[in-house]
Amino acid sequence: MFRIARLPACMAYTCALLTACAAPAPPATNTGATSAAIPSATAPATAALAPQAQGNQLRLTLDGKPWQADRDFFGAFHPPGMDRAVLMAASLGPKDRHEQAFNLNLFGVTGPGRYTASGSTLSLKGISSSQIQLANLSEQRYLVGGPFGYTVEVELLQAGGGTIEARFQGRMTASDGQELRVSDGYFFYRE
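Model, not experiment: these values are computed from the prediction.

Caption draft 1: Structural detail: the overall build of the chain. Each helix and strand counted, the chain has 1 helix and 12 strands in total. Walking the chain from its N terminus toward its C terminus, one meets helices and strands in the order α-β-β-β-β-β-β-β-β-β-β-β-β. Going through the 191 residues of the chain one by one, you find that 50% of them count as buried. For the chain, the share of sequence-separated contacts (at least 6 apart) that also reach a separation of at least 24 residues comes to 63%. For the chain, the computed accessible surface area is about 9,000 Å², with 55% contributed by carbon and sulfur atoms.

Caption draft 2: Main features of the nonpolar core. Of all hydrophobic cores here, the largest spans 33 residues; its most connected members are L58, V86, M88, F102, L106, L156 and F168. A per-element tally of this core places strand β10 (residues 150-160) first, with 5 residues. One finds F74, A85, L87 and F107 within the second-largest nonpolar core, a separate group that totals 7 residues.

Caption draft 3: Geometry of the sheet that holds strand β6 (residues 100-107). Spatial strand order, β4-β5-β6-β8-β9: 5 strands in an open sheet with antiparallel pairing. In this open sheet, the two edge strands, each paired with only one partner strand, are β4 (71-77) and β9 (143-145). On average, each strand axis in the sheet is inclined to that of its neighbour by 10°, with strand direction left out of account. In this sheet, β6 lies alongside strand β5 (residues 85-92) in antiparallel orientation, the contact comprising 8 bridges. Each residue of the ladder has a partner; that of S91, found in β6, is A101.

Caption draft 4: Region of the structure containing the pattern of salt bridges. Scanning the model with the defined rule gives 7 salt bridges in all. Its salt-bridge partner being K95, residue E99 comes within 4.0 Å of it at the nearest N-O pair. A salt bridge links R141 to D176, with the nearest nitrogen and oxygen atoms 2.8 Å apart. In this pair, R141 is assigned in the loop between β8 (131-135) and β9 and D176 in the loop between β11 (163-173) and β12 (179-190), connecting sequence segments 35 residues apart. Through salt bridges that share partners, R71, D72, K95 and E99 make up one connected network.

Caption draft 5: Quick look at the environment of F73. Of note, F73 is situated in strand β4. For the pair F73 and M88, spaced 15 residues apart in sequence, the C-alpha separation works out to 7.8 Å.

Caption draft 6: Molecular detail of unusual backbone geometry. The phi dihedral of D72 is positive, around 55°, even though this residue is not glycine. Among the structural elements, D72 can be located in strand β4. Phi is positive for H78, which is not a glycine, with a value near 50°. Counting through the fold element by element, H78 comes out in the loop between β4 and β5.

What counts and what doesn't
- Residues numbered from 1 in each chain as written.
- Predicted model: local features only at pLDDT ≥ 70, side-chain atom pairs only at ≥ 80, totals over all residues.
- Heavy atoms only, no water.
- Helix = DSSP H or I, 4+ residues; strand = E, 2+ residues; numbered from the N terminus.
- Buried < 20%, exposed > 50% of the residue type's maximum accessible area, 1.4 Å probe, protein only.
- Contact = heavy atoms within 4.5 Å.
- Areas by Shrake-Rupley, 256 points an atom, 1.4 Å probe, with all protein chains shown as cover.
- Core = buried A, V, L, I, M, F, W, Y, C linked by side-chain atoms within 4.5 Å.
- Pairing = 2+ DSSP bridges.
- Axes fitted to C-alpha atoms, helices over the stretch in contact; angles between N-to-C directions.
- Salt bridge = Lys/Arg side-chain N within 4 Å of Asp/Glu carboxyl O.

See below:
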């Protein structure tokens, strides 16, 4: 059973980030992208190898620079009240205003497979769309993804039985307007 007690805090943090960061976002343009998780028939999300040790972890390469979470790992598959959802989160650094918090949430997911999270969280109507974001990467890049836009391919390898494992890659736009390449993304969580 996943730690559902952390779910409200994780969702509240995500909502607070979206609220705080929505004001400086550039005007939205309709590019036809959708925020929903859509099964994709494309190639695997990434060629990243599974970790040697199966401890909880989240790592990725962002514009050629490695990033790896060091605490607050959280995962949930079909949590109560959110059927067909997979939530993945972790943080890097001290729990203060510089904390780098990462969230990858997929909605409309039935189980392992390939999915695309695309769009921006400015298009959310309730909690019905997928999202990916990284907070506090730098002072200029206080938010990457989320309301600024993203297109990320996710290969959900395991979901259920107390384990979530996924690989991902794609692009996320930062608050400074720059598009960043995400590669070798890997998430593993075991309750």
